[in-house]
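This is what each chain is made of:
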Number of protein chains: 2
Amino acid sequence: MTAPRQLAEPSDPLQGFGIDHLPYGIFADSGPGSADGADVPRVGVRYGDRVLDTPAALPRWRELLLQPTLNALLAAGPDTWAAVRADVTEVLASTARTEPAGAQPDSPLLLPLSQVTLRMPFEVADYVDFYASEHHATNLGRLFRPDSAPLLPNWKHLPIGYHGRAGTVVPSGTPIRRPRGQSKAPDADAPSFGPSRRLDIEAEIGFVVGVGSEQGTSVPATDLAEHVFGVCLVNDWSARDLQPWEQPPLGPFLAKSFATSISAWITPLAALAAARVPAPARTVPVLEYLADGGDWGLDIAIEVDLNGTVVSRPPFAGMYWTAAQMMAHLTINGASLRTGDLFASGTVSGPTPDTVGSFIELSQGGRHPITLADGATRTFLQDGDTVTLTATAPSTGGGTLRLGEVTGTVLPSASR
Amino acid sequence: MTAPRQLAEPSDPLQGFGIDHLPYGIFADSGPGSADGADVPRVGVRYGDRVLDTPAALPRWRELLLQPTLNALLAAGPDTWAAVRADVTEVLASTARTEPAGAQPDSPLLLPLSQVTLRMPFEVADYVDFYASEHHATNLGRLFRPDSAPLLPNWKHLPIGYHGRAGTVVPSGTPIRRPRGQSKAPDADAPSFGPSRRLDIEAEIGFVVGVGSEQGTSVPATDLAEHVFGVCLVNDWSARDLQPWEQPPLGPFLAKSFATSISAWITPLAALAAARVPAPARTVPVLEYLADGGDWGLDIAIEVDLNGTVVSRPPFAGMYWTAAQMMAHLTINGASLRTGDLFASGTVSGPTPDTVGSFIELSQGGRHPITLADGATRTFLQDGDTVTLTATAPSTGGGTLRLGEVTGTVLPSASR
């Protein structure tokens, strides 16, 4: 197991949600003392273990922030994103100045996380899932196509991707019902039907589109920050027994469409300025429209936790294709972007067995169970299992920021 | 070329849009004499070459019908759909009683089609494209995988499908810009980039979901009419040179995502009662959840017109998988339906060369050009080409109804 990134100040009282982070989400009051009408969903900014009630704190932006989703803010564009972020920073900095150093500021505008409920942060327009980790694509190629080259000939020429189901993207904390479906054993004559027996995760980073584009035009890789508002953690739940049977020739469908979980907090791209790193060197020349955007690697360190045991630490910095290249590819045919589009990286897997982002890789296709801290073993997920993804990145202040977690617990399959 | 279906009364003054059809769309006034505020988009019902201004004609349903999309009506459910349809029928029948037999009724509530502009009829939630024609799947299997069995082993066990891009679904009449992208010749070392040289269509029937379902549950095939509001014509534009290079292993992506055209008129399922036919006999037993729904075949006869020449007449009645089976499969894993979901049949192709629903089939992979009425030849589409899909079906009145057409003209590729 590689060493986890240490928070720059182990005593960081803001736990990676300090003044240089400030992710956005949608919250409503849930405490017993909520005032009438206070349960209106609205935009919040996380600061430590508090949530800034932004419509109340920033009257200038009230119309944009008194909204049940982030979509209005997303659509407003980079100048507005910067202006709102500057104002949030100012409000929090002035609040903090009245408090002892390191202490959490107290204010009626800062609600304890424990007293709010977090909602789905934005309405997803189209959801695209890429396949941008060379290690993951190689590992799955070995498992699914053992008799041929693990990486297909197209993989280093374009970011492979496909459309997922936007309507089943759910926020962190939503229970995940085990899917049912068809699978076929290699030696069986016909498929059988039942609950998935190879329920898996995919640890990913998602990119949230703010500003759309016009159908019939392309968006260059250099324009990432003009269109993408920020990032979230993504768990793209997968049924590995349904997938190989249904996949040829048009790709994954029901094996992926039952649920995709995202973090409740969206970290603005601006907060990740210190996390930018070069993507790995190209080992095959790419076409011109994919030549830019290699400077959009992001040093985000993910942790995968199953029932309290960290089972993997996938490093996003090593992803072969960057978000800028994904966006350029997605639109090179003239497909438009829309506010609320979500495109995810695909499973983040590093080069070593303890840095892979799925259980099919951790268990080497189900052949080698992993052992948890309590002595339990797993290949794929059992009912009642809870998977939590967390992630950290260098912050502009020299410390470490922590993305909002994404967690989900597996429920038994439906009976009908 | 098979003979086209004759309209039951060749002199039908309502041209397949009579009292037993009544499809829904969204219109706004466009004439020079439009009153102030009359260009508000709202629900219209087509009757002959007129459009019933439904919020004005049906005050009882004004809230549901004075809407910029059909989504509110879609969400209202089957009882409301039936009640609104009954009221529309009553309004039109009483208007018609005051007119000579066969003449088009005149009324301030019935606006000439030429004086309105039609809009996108509904906001698409998720778009799924199936692959339900055995003839099409066999034809494409032969072209794309000449060295193996044309139909893959899974094809008769489940309706193969994949998610498309909802954000690029456009209404009939929208020009289609030729996509650019990567393709690779079999003998080339690396891919090349440029405008697609194999731009194609796919003639399909689309099913529009009204009533959603809860994530984690499945919808049985027998419940089709509880969830699906109606049908439209679909042209799923495709770039055949981009497709084989990008497709392995996760399916079509940019080859399909640049544009999908749908008819401006949505024909209610209720209007297709007389078109229901049994699906073809199963040649392989299916799992229980797909056993029902075989009575949802639909005798819809499609015509594909290129620049004024009818080049094919695909018969929807022969589709192996029905909409009911597609819906049951789509949700068997617990994926939810949402109001505005669109699922399409995949290319409709019949058993003979003049009944296939794509140019890659018509031209046998580009090897055999077809000849148009003016002597021009085509394999794939050229800039400036106009493709129009029309379709007819038996109506409950004993005549023939005509689905709204879907048409689009190809524009040259973008320069950047």
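The rules behind these values
Residue numbering note: each chain is counted from 1, following its sequence as written. Whichever chain is written first becomes A and whichever ligand is written first becomes 1, with later ones labelled in order. Selection of residues for local features in this predicted model requires a pLDDT of at least 70, selection of side-chain atom pairs for listing and counting requires 80 or more, and totals for whole chains, interfaces and linings are taken over all residues. For side-chain calculations, the full set of non-hydrogen atoms in the structure is used, while hydrogens and water are omitted. Any two residues having at least one pair of non-hydrogen atoms within 4.5 Å are treated as being in contact. The term buried area refers to how much accessible surface (probe radius 1.4 Å) is lost by two components on association, counted for both of them together. Each salt bridge in this description consists of a side-chain nitrogen of Lys or Arg and a carboxyl oxygen of Asp or Glu lying within 4 Å of one another. N or O atoms closer than or at 3.5 Å make up a polar contact, with two conditions inside protein: a donor-capable atom paired with an acceptor-capable one, and, for residues adjacent in sequence, both atoms drawn from side chains. Helix numbers and strand numbers start at the N terminus; a helix is a DSSP run of H or I with at least 4 residues, a strand a run of E with at least 2. Three classes are used, and their members are as follows: Ala, Val, Leu, Ile, Met, Phe, Trp, Tyr, Cys and Pro are nonpolar, Asp, Glu, Lys and Arg are charged, and the others, Gly among them, are polar. How far each domain reaches was decided by an automatic or database domain assignment. Any two strands with at least two DSSP-identified bridges between them are counted as paired. Axis lines are fitted to C-alpha atoms, over the contacting stretch for helices. Their N-to-C directions set the angle, which ranges from 0 to 180 degrees. Pairing of aromatic rings covers Phe, Tyr and Trp, the last through its six-membered ring, and needs centres within 6.5 Å; plane angles under 30 degrees mean stacked, over 60 mean edge-to-face, and all others mean tilted. Per-residue accessibility, obtained with a 1.4 Å probe over protein chains only, is compared with the maximum for each type, and a residue is labelled buried under 20%, exposed over 50%, and partly exposed between these values.

Another aspect to go through is the interface of chain B and chain A. The interface is formed by 59 residues belonging to chain B together with 59 residues belonging to chain A. A buried area of about 5,500 Å², summed over both sides, lies between chain B and chain A, and 57% of it is on carbon and sulfur atoms. Three residues, R165, L250 and F253 of chain B, lead the burial of chain B against chain A; their summed loss comes to 15% of the area buried on that side. Notably, a salt bridge pairs D341 of chain B with R165 of chain A, separated by 2.8 Å at the nearest N-O pair. Counting across the interface, chain B meets chain A through 30 residue pairs in polar contact (both at pLDDT 80 or more). Counting residues per element, the ones that place at least two in the side of chain B that touches chain A are β6 (127-130), β7 (161-163), β10 (180-183), β11 (192-195), α7 (243-246), α8 (254-257) and α9 (323-331) of chain B. Considering each element in turn, the side of chain B that touches chain A owes the most residues, three residues, to β7 of chain B. Across the side of chain B that touches chain A, the residue classes break down as 32 nonpolar, 18 polar and nine charged.

Before going further, it helps to spend a moment on the domain arrangement of chain A. Residue and element names in this part refer to chain A. Segmenting chain A into domains produces domain 1 (24-118) and domain 2 (127-411). Computed over C-alpha atoms only, the centres of domain 1 and domain 2 are separated by 29 Å. At the interface, 17 residues of domain 1 touch 17 residues of domain 2. Interface area, domain 1 with domain 2, both sides summed: about 1,300 Å², of which 75% is carbon and sulfur. Per-residue buried area on domain 1 facing domain 2 is highest for Y24, L74 and W81; these three make up 43% of the total on that side. Inspection of the region where domain 1 meets domain 2 yields one residue pair in polar contact (both at pLDDT 80 or more). Those elements that provide at least two residues to the side of domain 1 that touches domain 2 are β1 (24-29), β2 (42-47), α3 (71-76) and α4 (78-97). Counting residues per element, the side of domain 1 that touches domain 2 draws most heavily on α3, which supplies four residues.

Let us now look at the sheet that holds strand β5 (residues 116-118) of chain B. All names here are of chain B. Taken in spatial order, the five strands make up an open sheet running β4-β3-β2-β1-β5, and their pairing is antiparallel. Both edges of this open sheet fall to β4 (110-112) and β5, since each of them pairs with a single strand only. Neighbour-to-neighbour, the strand axes of the sheet open up by a mean angle of 50°, direction not taken into account. Sheet topology note: the strand β2 (residues 42-47)/strand β3 (residues 50-53) ladder contains four bridges and is antiparallel. Bridge pairing links G44 to D53 in β3.

What follows deals with the packing of aromatic side chains. All names here are of chain A. Summed over all chains, the structure comprises 18 aromatic pairs over all chains. Taking 6.2 Å as the distance between ring centres and 85° as the angle between the ring planes, the aromatic pair formed by F130 and F343 counts as edge-to-face. Of this pair, F130 sits in strand β6 (residues 127-130) while F343 sits in strand β22 (residues 342-344), and the two are 213 residues apart along the sequence. The same class applies to F130 and to F343, which are both buried.

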